[in-house]
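The primary structure of each chain is shown beneath.
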Amino acid sequence: MKTILILRHGKSDWATDVSGDHGRPLAARGQKGARKVGRFLTTARVVPDRAITSSATRARETLATAAEAGGWTGPARVTDALYEATPEAVLREIQSEPDEADTVVVVGHEPTSSRLAAMLVGGGRIEMTTAAVARIDVEVESWADVQPGRGSLAFLLPPGALRPNAYRKLKKTIDRAIEAQQEAIDQAQKASAPKDTPGTPPPPRGGAEGPDGPQ
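Here is what the cut-offs are and how they apply
- Residues numbered from 1 in each chain as written.
- Predicted model: local features only at pLDDT ≥ 70, side-chain atom pairs only at ≥ 80, totals over all residues.
- Heavy atoms only, no water.
- Pairing = 2+ DSSP bridges.
- Helix = DSSP H or I, 4+ residues; strand = E, 2+ residues; numbered from the N terminus.
- Axes fitted to C-alpha atoms, helices over the stretch in contact; angles between N-to-C directions.
- Contact = heavy atoms within 4.5 Å.
- 1 Å grid on protein atoms, 1.4 Å probe; cavity = no way out; pocket = protein on both sides within 12 Å on 5 of 7 lines; lining within 4 Å.
- Points joined across faces, edges and corners; volume = space filled by probe spheres on them.
- Salt bridge = Lys/Arg side-chain N within 4 Å of Asp/Glu carboxyl O.

Visitor: I'm lost on the sheet that holds strand E4 (residues 103-108) in this one. Help?
Guide: Remark on secondary structure: sheet strands pair via backbone hydrogen bonds, oriented parallel or antiparallel. A sheet is described by the order of its strands in space; here six strands give the open sequence E3-E2-E4-E1-E5-E6, paired in mixed fashion. Each end of this open sheet is capped by a strand with a single partner; those strands are strand E3 (76-79) and strand E6 (151-157). Strand-to-strand twist across the sheet, computed as the mean angle between neighbouring axes with direction ignored, equals 20°. Looking at chain direction, strand E1 (residues 2-8) and strand E5 (residues 133-138) are connected through six bridges and run antiparallel. Within E5, the residue paired with Lys 2 across the bridge is Val 138. Strands E1, E5 and E6 of the sheet are contacted by helix H1 (residues 28-43), whose axis makes an angle of about 125° with E6. Together, E1, E4, E5 and E6 form the strand contacts of helix H4 (residues 112-121), whose direction differs from that of E1 by roughly 155°.

Visitor: Can you walk me through empty space enclosed by the protein in this structure?
Guide: The rolling of a water-molecule-sized probe over the atoms marks out the regions of remaining empty space. One pass over the full model with this rule turns up one cavity of 30 Å³ or more. As for the largest cavity, its lining consists of Ile 6, Leu 82, Val 90, Val 106, Val 107, Gly 108, His 109, Thr 112, Ser 113 and Leu 116. Among the elements of the structure, E4 and H4 are those that each provide at least two residues to the lining of the largest cavity.

Visitor: How should I be thinking about the pattern of salt bridges in this particular structure?
Guide: When their charged atoms lie close together, side chains carrying opposite charge are able to pair. One pass over the full model with this rule turns up eight salt bridges. For Arg 24, the salt bridge goes to Asp 21, with nearest N and O atoms at 2.3 Å. Between Arg 50 and Glu 97 there is a salt bridge whose closest N-O contact spans 2.7 Å. Of the two residues, Arg 50 sits in strand E2 (residues 50-54) while Glu 97 sits in the loop between helix H3 (87-95) and E4, which places them 47 residues apart along the sequence. What emerges from the salt-bridge pattern is a single network uniting Arg 50, Arg 77, Glu 93 and Glu 97.

What follows is the structure, given as C-alpha coordinates:
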(Lines give C-alpha, C1' and ligand atoms only; values in the text may rest on other atoms or scores of the structure.)
Protein backbone atom coordinates (compact mmCIF):
# COMPACT_ATOMS: atom_id res chain seq x y z
CA MET A 1 0.00 0.00 0.00
CA LYS A 2 1.10 3.57 -0.73
CA THR A 3 0.07 6.57 1.38
CA ILE A 4 -0.22 10.10 0.02
CA LEU A 5 -0.27 13.03 2.43
CA ILE A 6 -1.63 16.16 0.75
CA LEU A 7 -0.57 19.21 2.74
CA ARG A 8 -1.75 22.65 1.76
CA HIS A 9 0.74 25.39 2.60
CA GLY A 10 0.16 27.40 5.78
CA LYS A 11 -1.30 30.90 6.02
CA SER A 12 0.92 33.31 4.09
CA ASP A 13 2.00 36.82 5.00
CA TRP A 14 0.25 39.36 2.80
CA ALA A 15 1.93 42.28 4.58
CA THR A 16 5.41 41.39 3.38
CA ASP A 17 7.33 43.68 1.04
CA VAL A 18 8.11 40.79 -1.31
CA SER A 19 6.73 41.47 -4.76
CA GLY A 20 4.88 38.71 -6.55
CA ASP A 21 2.97 35.69 -5.35
CA HIS A 22 5.78 33.13 -5.64
CA GLY A 23 8.01 34.70 -2.98
CA ARG A 24 5.33 35.34 -0.35
CA PRO A 25 6.45 33.78 3.00
CA LEU A 26 4.46 32.18 5.80
CA ALA A 27 2.77 34.31 8.41
CA ALA A 28 3.19 33.48 12.11
CA ARG A 29 -0.17 31.72 11.99
CA GLY A 30 1.02 29.65 9.03
CA GLN A 31 4.17 28.59 10.88
CA LYS A 32 2.08 27.54 13.88
CA GLY A 33 -0.23 25.47 11.69
CA ALA A 34 2.69 23.75 9.98
CA ARG A 35 4.23 22.84 13.34
CA LYS A 36 0.93 21.34 14.50
CA VAL A 37 0.67 19.17 11.41
CA GLY A 38 4.28 18.03 11.69
CA ARG A 39 3.86 16.96 15.32
CA PHE A 40 0.50 15.32 14.65
CA LEU A 41 1.73 13.14 11.80
CA THR A 42 4.67 11.94 13.87
CA THR A 43 2.42 11.24 16.86
CA ALA A 44 0.03 9.34 14.59
CA ARG A 45 3.01 7.41 13.17
CA VAL A 46 2.38 8.57 9.63
CA VAL A 47 5.84 9.97 8.94
CA PRO A 48 6.58 10.63 5.26
CA ASP A 49 9.51 8.79 3.69
CA ARG A 50 9.82 11.46 1.01
CA ALA A 51 8.42 14.90 0.23
CA ILE A 52 7.52 16.87 -2.89
CA THR A 53 6.91 20.58 -2.53
CA SER A 54 6.02 23.52 -4.71
CA SER A 55 8.91 25.90 -5.26
CA ALA A 56 6.85 28.80 -3.82
CA THR A 57 8.38 30.18 -0.62
CA ARG A 58 5.30 29.57 1.53
CA ALA A 59 5.14 25.92 0.45
CA ARG A 60 8.84 25.29 1.06
CA GLU A 61 8.60 26.97 4.48
CA THR A 62 5.53 24.86 5.35
CA LEU A 63 7.41 21.66 4.60
CA ALA A 64 10.55 22.76 6.44
CA THR A 65 8.58 23.86 9.52
CA ALA A 66 6.46 20.69 9.64
CA ALA A 67 9.51 18.47 9.14
CA GLU A 68 11.44 20.18 11.92
CA ALA A 69 8.51 19.96 14.35
CA GLY A 70 7.88 16.31 13.49
CA GLY A 71 11.50 15.22 13.23
CA TRP A 72 11.12 14.01 9.63
CA THR A 73 14.39 13.15 7.94
CA GLY A 74 13.34 11.87 4.50
CA PRO A 75 14.56 13.57 1.31
CA ALA A 76 12.56 16.42 -0.23
CA ARG A 77 12.17 17.44 -3.85
CA VAL A 78 11.37 21.05 -4.78
CA THR A 79 9.69 21.57 -8.14
CA ASP A 80 8.03 24.31 -10.16
CA ALA A 81 5.62 21.64 -11.42
CA LEU A 82 3.52 22.00 -8.25
CA TYR A 83 3.16 25.79 -8.55
CA GLU A 84 -0.01 26.84 -10.41
CA ALA A 85 -0.42 23.17 -11.28
CA THR A 86 -3.36 21.03 -12.28
CA PRO A 87 -4.26 17.92 -10.24
CA GLU A 88 -3.16 15.81 -13.20
CA ALA A 89 0.28 17.44 -13.16
CA VAL A 90 0.68 16.77 -9.45
CA LEU A 91 -0.38 13.16 -9.96
CA ARG A 92 2.37 12.73 -12.53
CA GLU A 93 4.90 13.94 -9.97
CA ILE A 94 3.58 11.41 -7.45
CA GLN A 95 3.76 8.61 -10.01
CA SER A 96 7.45 9.34 -10.56
CA GLU A 97 8.43 8.74 -6.93
CA PRO A 98 10.71 5.76 -6.17
CA ASP A 99 8.89 2.67 -4.93
CA GLU A 100 11.21 2.32 -1.93
CA ALA A 101 9.06 5.01 -0.30
CA ASP A 102 5.68 4.01 1.09
CA THR A 103 4.50 7.43 2.32
CA VAL A 104 4.94 10.69 0.40
CA VAL A 105 3.84 14.17 1.47
CA VAL A 106 2.89 16.64 -1.27
CA VAL A 107 2.93 20.33 -0.31
CA GLY A 108 1.04 22.61 -2.66
CA HIS A 109 -1.70 25.14 -3.22
CA GLU A 110 -5.40 25.65 -3.69
CA PRO A 111 -7.55 24.83 -5.49
CA THR A 112 -5.23 22.06 -6.68
CA SER A 113 -4.85 20.34 -3.28
CA SER A 114 -8.60 19.92 -2.80
CA ARG A 115 -9.14 18.83 -6.40
CA LEU A 116 -6.27 16.34 -6.20
CA ALA A 117 -7.72 14.75 -3.07
CA ALA A 118 -11.18 14.51 -4.66
CA MET A 119 -9.73 13.06 -7.86
CA LEU A 120 -7.76 10.38 -6.03
CA VAL A 121 -10.79 9.15 -4.07
CA GLY A 122 -13.12 9.20 -7.05
CA GLY A 123 -14.99 12.47 -6.65
CA GLY A 124 -16.89 14.41 -4.01
CA ARG A 125 -16.40 17.85 -2.52
CA ILE A 126 -13.23 18.32 -0.47
CA GLU A 127 -12.09 21.66 0.91
CA MET A 128 -8.61 22.05 2.36
CA THR A 129 -7.98 25.09 4.50
CA THR A 130 -4.47 26.48 4.95
CA ALA A 131 -2.13 23.91 6.58
CA ALA A 132 -4.79 21.19 6.38
CA VAL A 133 -3.54 17.67 5.74
CA ALA A 134 -5.33 14.81 4.00
CA ARG A 135 -4.23 11.19 4.14
CA ILE A 136 -5.13 9.03 1.14
CA ASP A 137 -4.27 5.33 1.05
CA VAL A 138 -3.94 3.55 -2.29
CA GLU A 139 -3.79 -0.25 -2.55
CA VAL A 140 -0.91 -0.43 -5.02
CA GLU A 141 2.69 -1.64 -4.89
CA SER A 142 4.13 0.99 -7.23
CA TRP A 143 3.63 4.75 -7.36
CA ALA A 144 3.25 4.44 -11.13
CA ASP A 145 0.00 2.55 -10.50
CA VAL A 146 -1.65 5.37 -8.53
CA GLN A 147 -4.66 6.46 -10.58
CA PRO A 148 -7.78 8.62 -10.09
CA GLY A 149 -10.45 6.89 -8.03
CA ARG A 150 -8.16 4.23 -6.55
CA GLY A 151 -7.56 5.94 -3.21
CA SER A 152 -9.48 6.01 0.08
CA LEU A 153 -9.58 9.04 2.36
CA ALA A 154 -8.27 8.06 5.80
CA PHE A 155 -8.52 11.54 7.33
CA LEU A 156 -8.71 15.26 6.53
CA LEU A 157 -7.67 17.55 9.36
CA PRO A 158 -7.27 21.33 9.60
CA PRO A 159 -4.64 22.58 12.07
CA GLY A 160 -7.38 24.05 14.29
CA ALA A 161 -8.49 20.52 15.16
CA LEU A 162 -5.00 19.55 16.33
CA ARG A 163 -4.95 20.73 19.92
CA PRO A 164 -1.82 19.98 22.01
CA ASN A 165 -3.73 17.83 24.51
CA ALA A 166 -5.07 15.76 21.63
CA TYR A 167 -1.51 14.74 20.72
CA ARG A 168 -0.92 13.25 24.15
CA LYS A 169 -4.27 11.46 24.25
CA LEU A 170 -3.76 10.14 20.73
CA LYS A 171 -0.25 8.91 21.54
CA LYS A 172 -1.50 7.09 24.65
CA THR A 173 -4.30 5.46 22.65
CA ILE A 174 -1.89 4.35 19.91
CA ASP A 175 0.66 3.07 22.43
CA ARG A 176 -2.02 1.07 24.25
CA ALA A 177 -3.25 -0.43 20.98
CA ILE A 178 0.30 -1.45 20.01
CA GLU A 179 0.94 -2.97 23.45
CA ALA A 180 -2.32 -4.94 23.28
CA GLN A 181 -1.43 -6.19 19.82
CA GLN A 182 2.01 -7.32 21.00
CA GLU A 183 0.52 -9.07 24.02
CA ALA A 184 -1.89 -10.94 21.73
CA ILE A 185 1.02 -12.01 19.51
CA ASP A 186 3.04 -13.18 22.53
CA GLN A 187 0.10 -15.19 23.88
CA ALA A 188 -0.52 -16.79 20.47
CA GLN A 189 3.14 -17.77 20.18
CA LYS A 190 3.12 -19.19 23.70
CA ALA A 191 -0.03 -21.21 23.00
CA SER A 192 1.45 -22.67 19.82
CA ALA A 193 4.79 -23.61 21.41
CA PRO A 194 5.45 -27.42 21.72
CA LYS A 195 4.74 -28.93 25.13
CA ASP A 196 6.04 -32.05 26.95
CA THR A 197 4.35 -35.27 25.81
CA PRO A 198 1.80 -36.35 28.46
CA GLY A 199 2.36 -39.71 30.18
CA THR A 200 6.16 -39.56 30.10
CA PRO A 201 7.46 -40.81 33.50
CA PRO A 202 9.75 -38.46 35.40
CA PRO A 203 13.46 -39.38 35.53
CA PRO A 204 14.64 -41.39 38.58
CA ARG A 205 16.02 -39.53 41.57
CA GLY A 206 18.92 -40.39 43.83
CA GLY A 207 20.54 -42.97 41.53
CA ALA A 208 19.53 -46.50 40.52
CA GLU A 209 18.01 -48.97 43.01
CA GLY A 210 19.04 -52.59 43.18
CA PRO A 211 17.31 -55.53 44.87
CA ASP A 212 18.61 -54.52 48.31
CA GLY A 213 17.99 -50.81 48.03
CA PRO A 214 20.04 -47.92 46.72
CA GLN A 215 23.58 -48.73 45.61
